[in-house]
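Spelled out from the first residue to the last, the chains are:
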Amino acid sequence: MDIGAGAIVVASAGIAAVAGAWYLVRTRSLSVWRTMGVTFAALGVLSLASGRVRWAGRIEIAQAIAIGLASGAVLYILTLAFFRLARRWVALRRHTQSLYQHREGISPVETLGVAAFVVSPGEELFWRGLVQNVAVVAAGSVQGALVAWGAYVAANVASGSLPIVLGAAVGGAAWGTLAWWSGGVAASLASHALWTALMITRPPT
């Protein structure tokens, strides 16, 4: 399958845009929810327009969504367990509290709506739907998934936030694996959206 110059341009520019958005959030004190919401709304639309996004190539979409929701719940439980074990990690606690404090001035409904229903789907459409697809075609199935995961973590390092980077590393591995195994983004999108919704409504702090 040909990668397509347009898909490469969108993927490359999108990775830079994500890192740049995180940099602006960190250095200019912009709203993380609104900044990343606009960024991933745009990238999600561009990813769909690229024609590279697949929903579930190896299993039925309904099955993929069910598996994704179950994995999102499990990932949330594991996240709670991790935060309990790491409660003495002062830097992580401080960064997490700072991240949740960015919700000030934004209604809980808007925060949940943007995070779970704009950012999470946009991330999956872009990172697992477009970037991972392009990387898999260029480098092979497993290698491409690993390259996409590495790019996802690297772009989130620009946030300078421990919980964001850790979430990208662990969550990205889980969602990338779901997309790789199912052949599309339906499972990873469902997992990511549910995990995010739970993290917003019942935070681990």
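Just above, that's the structure.
Model, not experiment: these values are computed from the prediction.

Novice: What exactly am I supposed to notice about the overall build of the chain here?
Specialist: Of regular secondary structure, the chain possesses eight helices and zero strands. Counting from the amino terminus, helix and strand elements in the chain follow one another as α-α-α-α-α-α-α-α. For a compact globule of 205 residues, the expected C-alpha radius of gyration is about 17 Å, and the chain comes in at 16 Å, within 12% of that figure. Seen along its three principal axes, the alpha-carbon backbone of the chain occupies a region of about 45 × 35 × 30 Å. For the chain, buried positions account for 46% of its 205 residues. Accessible surface, the chain as shown: approximately 10,000 Å² in total, 68% of it carbon and sulfur.

Novice: Which parts of the structure should I look at to understand the pattern of salt bridges?
Specialist: Between side chains of opposite charge, a pair can form when the charged atoms approach closely. Here the structure, examined in full by the defined rule, presents two salt bridges. The salt bridge partner of Arg34 is Glu110, with a shortest N-O separation of 3.1 Å. Taken as a pair, Arg34 in helix α2 (residues 32-50) and Glu110 in helix α5 (residues 108-139) lie far apart in primary sequence, 76 residues in all. Classification of Arg34 by relative accessible area gives partly exposed; the value is 43%. Its relative accessible area of 30% is what places Glu110 among the partly exposed residues. When the shortest N-O distance is used, the salt bridge between Glu124 and Arg128 registers 2.7 Å. A residue pair is termed a helical-turn pair when its members lie 3 or 4 positions apart in one helix, as Glu124 and Arg128 do in helix α5 at four residues.

Novice: Just checking my understanding: could you explain helix α1 (residues 5-28) for this structure?
Specialist: Residues spaced three or four apart along an α-helix point in a common direction, a consequence of the helix completing one turn every 3.6 residues. With 24 residues, α1 should reach 34 Å at 1.5 Å per residue; the first-to-last C-alpha distance of 33 Å fits that figure. Listed in full, the buried residues belonging to α1 are Ala7, Ala11, Gly14, Val18, Ala21, Trp22 and Val25. Contacts made by the buried residues of α1 are with α2, α5, α6 (141-157) and α7 (162-182). Positioned one or two residues after α1, Ser29 has a phi angle of 55 degrees, which is positive.

Novice: Help me out: how do you make sense of helix α8 (residues 186-201) in this one?
Specialist: For α8, built from 16 residues, the straight-helix expectation of 22 Å at 1.5 Å per residue is met to within 8% by its first-to-last C-alpha distance of 23 Å. Summarising burial for α8: 13 of the 16 residues are buried, a large majority.

Novice: Is there a simple way to think about the packing of α5 against α8 in this case?
Specialist: To describe two helices that pack against each other, one gives the angle between their axes and the distance between the axes. Taken N-terminus to C-terminus, the directions of α5 and α8 make an angle of 150 degrees; their axes are 9 Å apart at the nearest point. By the angle class used here, α5 and α8 are roughly antiparallel. Here α5 and α8 pass one another in a crossing that is right-handed. Here Thr111, Leu112, Ala115, Ala116, Ser120, Pro121, Glu123, Glu124 and Arg128 of α5 lie close against α8, whose contacting residues are Ser188, Leu189, His192, Ala193, Thr196, Ala197, Ile200 and Thr201. Looking at the contact of α5 with α8, its residues break down into eight nonpolar, six polar and three charged.

Novice: Whenever I open this one, the side chain of His192 confuses me. Can you help?
Specialist: Inspection of the secondary structure puts His192 in helix α8. Classification of His192 as buried rests on a relative accessible area of 3%.

Novice: Hey, could you run me through the side chain of Asn156 in this one?
Specialist: Looking at the secondary structure, you find Asn156 in helix α6. The exposure class of Asn156 is buried, given its relative accessible area of 4%. Setting aside chain neighbours within four positions, we find Asn156 in contact with Trp22, Ile164, Val165 and Ala168.

Cut-offs and rules
- Residues numbered from 1 in each chain as written.
- Predicted model: local features only at pLDDT ≥ 70, side-chain atom pairs only at ≥ 80, totals over all residues.
- Heavy atoms only, no water.
- Helix = DSSP H or I, 4+ residues; strand = E, 2+ residues; numbered from the N terminus.
- Rg over C-alpha atoms; globule rule 2.2 N^0.38 Å.
- Buried < 20%, exposed > 50% of the residue type's maximum accessible area, 1.4 Å probe, protein only.
- Areas by Shrake-Rupley, 256 points an atom, 1.4 Å probe, with all protein chains shown as cover.
- Salt bridge = Lys/Arg side-chain N within 4 Å of Asp/Glu carboxyl O.
- Expected span 1.5 Å × (residues − 1).
- Contact = heavy atoms within 4.5 Å.
- Axes fitted to C-alpha atoms, helices over the stretch in contact; angles between N-to-C directions.
- Parallel < 35°, antiparallel > 145°, perpendicular 65-115°, else oblique.
- Left-handed = near helix turned anticlockwise from the far one by under 90°.
- Nonpolar A, V, L, I, M, F, W, Y, C, P; charged D, E, K, R; others polar.

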